[in-house]
Amino acid sequence: MSFLSTTNVSLSTLFAESSTNAALVSFLIYTAAVFVIAALSNRLLKSKSFLSEYFLGSRGLGVWAFALTFAATSSSGGSFTGFPSKIYSHGWILALWIGSYMVVPICTMGLIGKRLNQVARRSGSITVPDVVRDRFHSPILGLMAVSLIVFFMSFNLVAQFKAGSLILQTLLDGVSIFESTADGLAQAVSGIPYISESESPEYLLCLLVFGVAVILYTTYGGFHAVVWTDVMQGIVMVIGVIIMLPLAISQSGGLENTTKLMAKMTPPRISDPDKGGITLTLAEPAPETMRIESGTWITDTPIDDNKTPLLFRVTVENEIAKGETTVNEVKVLQLTTLDDIERILARRESEKFLDDVSVSNIDLKSYAYGEEGSQQGTYVVGPGPSPGSDSGFLPLSLAISFFFMWAISGTGQPANMVRLMAFRDTKTLQRSICTVAIYYTLIYFPLVVIFCCARVLLPGMEGDSDRIMPAMAVYLTEHIGMGWLAGLLVAAPFAAVMSTVDSFLLLISSAWVRDVYQRNINPEASEKTIKMLSYLATFVVGTAAMVVAINPPQFLQDIIVYVGSGLAASFLATIVYGLYWRRVNAAGAMGAMLGGFSVHLAMYVTGYFVNGSFFKPYQLFDFDPIIIGLFVSFISGFVVTKMTAPPPEELVHKYFYTTKADA
């Protein structure tokens, strides 16, 4: 008897059979190129000031290096993992959600780029806390900036490590040497608390490989290694998207057909994470312990007069013990759209199905918005389906919030500010604004189209939608007989994650070494000591994030949105006031920073108690916390400044008197 069809193979297995060597070669070549760049960058550290070179590249970035490192850092794992997941889950409304990203370069680079570069050069600042501390002549304010950067970036770093591991897992899934190594790792860590509780041995292995690679090249090469790998990664990203776009459109039958099919779709029914699901009963006792993998399809005859087969997809791995026939509360999602059901059943030979099993005790819940007849077409019109909100995914107030989230709050991201401190001259900045705007247009709008097509081509992936990007790459290339191309396409999201992780690692390590140790503990530290501590801090921070990512949070994009909006609420007002308002003082800057951070955090904490999840924040007046946080930050900074004494005149003169060198 066969419980799991032996004649059927999954997409990942099909991919592995024809393109195993290509996938491995692509990954190895890519990794080798990264380490070559790190080695070349390390040579620069020996000939220039270590701190300035390691953390800022000696402020010498030209147009292409500056533009692509800025764009690649912003196009993080969220862009190629979380963002496709959102498109797949909610449909065309994501075009409105991301639309303002095209003007991010104008806002971010144009609003503060030149002034921030000037202020950093005048003060000799290497890090963002450096700028804040020196501009307001306040060590306390500098330490506060360090604390907020470490707090937020630690969250984001964990999310990016998970994204990189999931992408690599999809690339290597089904490769025999990978599977056998993962099994060996599982045996080696079995019984070890925390580590053995990882999502799967395959995920753990990929996390180790990805983590070690990115930690080593960032630690060894510093800022220039990050910049030039960003350039390479930025090119890989845009090529990957451009290749995927026509493949997705053609294989889904064209945009018109895709939109018509999406208009008829209804959201799946899903398991409650705490209780419920379905009961599976085997026809005969399991001859040995049986593993039911996530992604396995289960079909059963209808339990009522409806002639449509019931089709479920397992979302959480389960086991049936040897000799047992039943397992309860299996977490699944159930397809509710007839076209999707027929499409999966028609390609049963290329999917993973569990046979000789019956389904009972079905306890699933419907989406809060998108299920009713009056909400038909919810995947093609706003506000988009939502499992937990009866007002949908993106009401108008939230659409406005996200316009500010991407277009304005991006200006308040310390990772972007570091890039703005590193370009060569004003012409570099001007040309880079246009370059990055075009780059974002070539990335984000095509992604919306590609992953709307994915809803038609790969139904039922809401349970693990963070893997939709690499799964789509595998599917598209296999269906044109070019499985080897999947290695290149999967390299695009992998590159996005690597380019973000390396930047965040340097940002956090520079905060500890430069802003905590050198500027507050040992100002007379030798370059040798600083060099050793910089290497050590980068390595320790990366390793700590990798350990936490062994058991990471579930939804990447929610973490990324929280971190991005929180950093903006904390830093944007402080930086803008510091660059453009002569009257602002340290107390006002501190008021802006604490005001924005406190209100933003309070809305998320309130969401935990009101909505049952930290990542479903309370929305005051139906606005996202970023809007309220920015408003409070600017107002509190203004009020506190007006209520306190003005800054020393020499401080104002230093940063607001223009010199020829500023041009």
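Just so you know, these numbers come straight off a predicted model, no measurement behind them.

### Thoughts on the overall build of the protein chain
(1) Moving on: When you go through the protein chain residue by residue, the secondary structure sums to 22 helices and nine strands.
(2) Moving on: Taken across its 663 residues, the protein chain has 60% of its residues classed as buried.
(3) Moving on: In the protein chain, once contacts between residues fewer than 6 apart in sequence are set aside, the share between residues at least 24 apart is 82%.
(4) Moving on: On the protein chain, roughly 25200 Å² of surface is accessible, and the fraction owed to carbon and sulfur atoms is 63%.

### With respect to the pairing of strand S2 (residues 277-282)
(1) Moving on: Among the six residues in S2, five count as buried, and that is most of the element.
(2) Moving on: For S2 and strand S9 (residues 357-363), the ladder comprises five bridges, and the chain directions are antiparallel. Note that in S9 the partner of Leu 282 across the bridge is Val 357.
(3) Moving on: By the bridge criterion, three bridges tie S2 to strand S7 (residues 326-330) in an arrangement that is antiparallel. Each residue of the ladder has a partner; that of Leu 280, found in S7, is Val 327.

### Overview of the pattern of salt bridges
Where charged atoms from two side chains of opposite charge come close, those side chains can pair.
(1) Moving on: In the structure shown here, the tally under the stated rule is 14 salt bridges.
(2) Moving on: Ionic pairing is found between Glu 256 and Lys 260, a salt bridge with its closest N-O pair at 3.3 Å. Of this pair, Glu 256 and Lys 260 both sit in helix H11 (residues 255-263), four residues apart, which is roughly one turn of that helix.
(3) Moving on: With a closest N to O distance of 3.0 Å, Arg 347 and Glu 351 form a salt bridge.
(4) Moving on: Looking at Glu 351, the relative accessible area reads 9%, which means it is buried.

### Considerations on the sheet that holds strand S5 (residues 310-314)
(1) Moving on: With antiparallel pairing, four strands are arranged side by side in an open sheet as S1-S8-S5-S4. This sheet does not close on itself; its edge strands, each paired only once, are strand S1 (269-270) and strand S4 (297-300).
(2) Moving on: Pairing analysis gives two bridges linking S1 to strand S8 (residues 332-334), with the strands arranged antiparallel. Its bridge partner lying in S8, Ile 270 is registered against Leu 333.

### Things to note about the sheet that holds S7
(1) Moving on: Strand order in this open sheet of three strands is S7-S2-S9, and the pairing throughout is antiparallel. Across the chains shown, the open sheet's two edge strands, defined by having one partner strand only, are S7 and S9. Ignoring which end each strand starts from, the neighbouring axes of this sheet average 20 degrees apart.

### Quick notes on the packing of helix H15 (residues 426-457) against helix H16 (residues 468-478)
(1) Moving on: Interhelical geometry of H15 versus H16 gives an angle of 70 degrees and a closest axis separation of 11 Å. By the angle between their axes, H15 is roughly perpendicular relative to H16. Side by side, H15 and H16 meet where Ile 450, Phe 451, Cys 453, Ala 454 and Leu 457 of the first sit next to Ile 468, Met 469, Met 472, Tyr 475 and Leu 476 of the second.
(2) Moving on: Of the residues that constitute the contact of H15 with H16, the class distribution is 10 nonpolar, no polar and no charged.

### Some thoughts on helix H7 (residues 128-136)
(1) Moving on: Along H7, nine of the nine residues are buried, which leaves the element largely enclosed by surrounding structure.
(2) Moving on: When we look at burial in H7, the residues that qualify are Val 128, Pro 129, Asp 130, Val 131, Val 132, Arg 133, Asp 134, Arg 135 and Phe 136.
(3) Moving on: The distance from a side-chain oxygen at the start of H7 to the backbone nitrogen of Asp 130 is 3.1 Å, and the residue carrying that oxygen is Thr 127.
(4) Moving on: Once H7 finishes, His 137 follows within two positions and takes phi at roughly 50 degrees, a positive value.

### Considerations on helix H13 (residues 396-407)
(1) Moving on: Here H13 contains 12 residues, and its C-alpha end-to-end distance of 17 Å stays within 8% of the 16 Å for a straight helix at 1.5 Å per residue.
(2) Moving on: All buried positions along H13 are accounted for by Ser 397, Leu 398, Ala 399, Ser 401, Phe 402, Met 405, Trp 406 and Ala 407.

### As for the nonpolar core
(1) Moving on: Among the nonpolar cores identified, the biggest contains 154 residues, and Trp 97, Phe 161, Tyr 440, Phe 451 and Met 472 are the most heavily contacted of them.
(2) Moving on: Here this core gets 19 residues from one element, more than from any other, and that element is helix H8 (residues 139-172).
(3) Moving on: Contact partners of Phe 451, with chain neighbours within four places excluded, come to Pro 84, Ile 87, Tyr 88, Met 244, Ile 468, Met 469 and Met 472.
(4) Moving on: Of all hydrophobic cores here, the second largest spans 18 residues; its members include Phe 312, Val 314, Ile 320 and Val 357.

### With respect to the environment of Ser 154
(1) Moving on: With respect to the element layout, Ser 154 can be found in helix H8.
(2) Moving on: Each C-alpha atom of the pair Ser 154 and Phe 504 lies 8.5 Å from the other, and the pair is 350 residues apart in sequence.
(3) Moving on: In this view, Ser 154 contacts Ile 149 and Ile 508; residues no more than four positions away in its chain are not counted.

### Some words on a nonpolar patch on the surface
(1) Moving on: A cluster of nonpolar side chains, Val 605, Tyr 608, Phe 609, Val 610, Tyr 618, Leu 620 and Phe 621, forms an exposed patch at the surface whose accessible area comes to about 750 Å².
(2) Moving on: Checked against the element boundaries, Tyr 608 lands in helix H20 (residues 586-611).
(3) Moving on: Take Tyr 608: its relative accessible area is 47%, and that puts it in the partly exposed class.

### Quick look at the side chain of Asp 515
(1) Moving on: You can see Asp 515 is positioned in helix H17 (residues 485-521).
(2) Moving on: No salt bridge is formed by the buried Asp 515, whose closest oppositely charged neighbour, Arg 514, lies at an N-O distance of 5.0 Å.
(3) Moving on: In this structure the side chain of Asp 515 is engaged in a polar contact, spanning 2.7 Å, whose partner is the side chain of Thr 127.

How each quantity is defined
Residues numbered from 1 in each chain as written. Predicted model: local features only at pLDDT ≥ 70, side-chain atom pairs only at ≥ 80, totals over all residues. Heavy atoms only, no water. Helix = DSSP H or I, 4+ residues; strand = E, 2+ residues; numbered from the N terminus. Buried < 20%, exposed > 50% of the residue type's maximum accessible area, 1.4 Å probe, protein only. Contact = heavy atoms within 4.5 Å. Areas by Shrake-Rupley, 256 points an atom, 1.4 Å probe, with all protein chains shown as cover. Pairing = 2+ DSSP bridges. Salt bridge = Lys/Arg side-chain N within 4 Å of Asp/Glu carboxyl O. Axes fitted to C-alpha atoms, helices over the stretch in contact; angles between N-to-C directions. Parallel < 35°, antiparallel > 145°, perpendicular 65-115°, else oblique. Nonpolar A, V, L, I, M, F, W, Y, C, P; charged D, E, K, R; others polar. Polar contact = N/O pair within 3.5 Å; in protein donor to acceptor, adjacent residues only side chain to side chain. Expected span 1.5 Å × (residues − 1). Core = buried A, V, L, I, M, F, W, Y, C linked by side-chain atoms within 4.5 Å. Patch = residues over 30% accessible without salt bridge, like charges linked within 9 Å, V, L, I, M, F, W, Y side chains within 5 Å. Lys, Arg positive; Asp, Glu negative; His and termini not counted.

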